[in-house]
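Per-entry structural report
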Amino acid sequence: MYDDVPLLLRGDPLRIRQVLTNLVHNALKFTDRGEVVVRVMVDEPAGAGRALLRVSISDTGIGLTPQEQHDLFQAFRQASSGHTRQYGGSGLGLAISRQLVEQMGGRITVESEPTVGSTFSFTLPLDVIIASEPPQAPIFEGERVALYEPHAVTRHVLCHLLEGWGANVVELARPLLPGMPPTLWVAALPVGLSDEVLDEWRERLASCPCPVLLLVNATPSTYPT
């Protein structure tokens, strides 16, 4: 969620939830590998006390041809008959999503490229109840924070958060600290931790000259010790 999104908005939560659920479900269904990213931002001001919100769902799935994109929002139509056989579904979800978005005064669009992925976006004019939170005191005062996160989207989000908290962020391409130790090191452990990788990180932590915040993508039963 981008910083320009108001703190509290008034709309139709049931319809918005249904549209978002349909689009995220489709993105997950057609994405065998890679990622699905949901972004929420203000598209443009819509007059006093109003904002035009844009919600985008991007995936790295099978993608769509221009003709498939043209047919996509029609009821009982999927991108191709092969998709129906392989992935199932009636094709009603997107037609219903388009109808719901238009009933709320918005518009739904798609940008896609075969084998690369798709981005479905919809806009919603909403009432702004509370524009933003009061400014918070910064956590840092320009201290250097080293950041190691191989995943580009997550790295961008973490960098944005840390800079918003007043840190001077140093992005690392490898899990090795620069010559001058930072105030804090934020590091992401890889998915699927082997004993060898864990031993390497234990050695790094034992000799690290600064506090370390480790980020782990794992279930509680598989947390490293």
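Preceding this paragraph is the structure being described.
Residues numbered from 1 in each chain as written. Predicted model: local features only at pLDDT ≥ 70, side-chain atom pairs only at ≥ 80, totals over all residues. Heavy atoms only, no water.

1. Brief notes about the pattern of salt bridges
- Under the definition given, this model contains seven salt bridges.
- A salt bridge links Arg 54 to Asp 43, with the nearest nitrogen and oxygen atoms 2.8 Å apart. With Arg 54 in strand 3 (residues 50-59) and Asp 43 in strand 2 (residues 36-45), this pair connects stretches of sequence that are 11 residues apart.
- Arg 155 is paired through a salt bridge with Glu 171; the nearest N and O atoms lie 3.4 Å apart. With Arg 155 in helix 5 (residues 152-164) and Glu 171 in strand 7 (residues 168-171), this residue pair connects regions lying 16 residues apart in the sequence.
- A residue is classified by how much of its surface remains accessible, and Glu 171, at 44% relative accessible area, is partly exposed. (Salt bridge = Lys/Arg side-chain N within 4 Å of Asp/Glu carboxyl O. Helix = DSSP H or I, 4+ residues; strand = E, 2+ residues; numbered from the N terminus. Buried < 20%, exposed > 50% of the residue type's maximum accessible area, 1.4 Å probe, protein only.)

2. Observations regarding the nonpolar core
- Formed by 22 residues in total, the largest nonpolar core has its most connected members in Leu 23, Phe 73, Phe 120 and Phe 122.
- Counting only elements with at least two residues in this core, the list comes to helix 1 (13-29), strand 2, strand 3, helix 4 (92-103), strand 4 (108-113) and strand 5 (117-130).
- Element by element, the count of residues in this core is highest for strand 5, at four residues.
- Not counting residues within four places of it along the chain, the set of residues in contact with Phe 122 comprises Val 19, Leu 23, Leu 53, Arg 54, Val 55, Ile 57, Val 101, Arg 107 and Ile 108.
- Judged by nonpolar contacts, the second largest core, of 10 residues, contains Phe 140, Leu 147, Leu 158 and Leu 162. (Core = buried A, V, L, I, M, F, W, Y, C linked by side-chain atoms within 4.5 Å. Contact = heavy atoms within 4.5 Å.)

3. Here's the deal with the pairing of strand 3
- The element strand 3 is extensively covered by neighbouring structure, given that eight of its 10 residues are classed as buried.
- In the sheet, strand 2 pairs with strand 3 via nine bridges, with the strands oriented antiparallel. Of the residues in strand 3, the one forming a bridge with Val 40 is Val 55.
- Sheet topology note: the strand 3/strand 5 ladder contains 10 bridges and is antiparallel. Bridge pairing in strand 5 places Arg 54 opposite Thr 123. (Pairing = 2+ DSSP bridges.)

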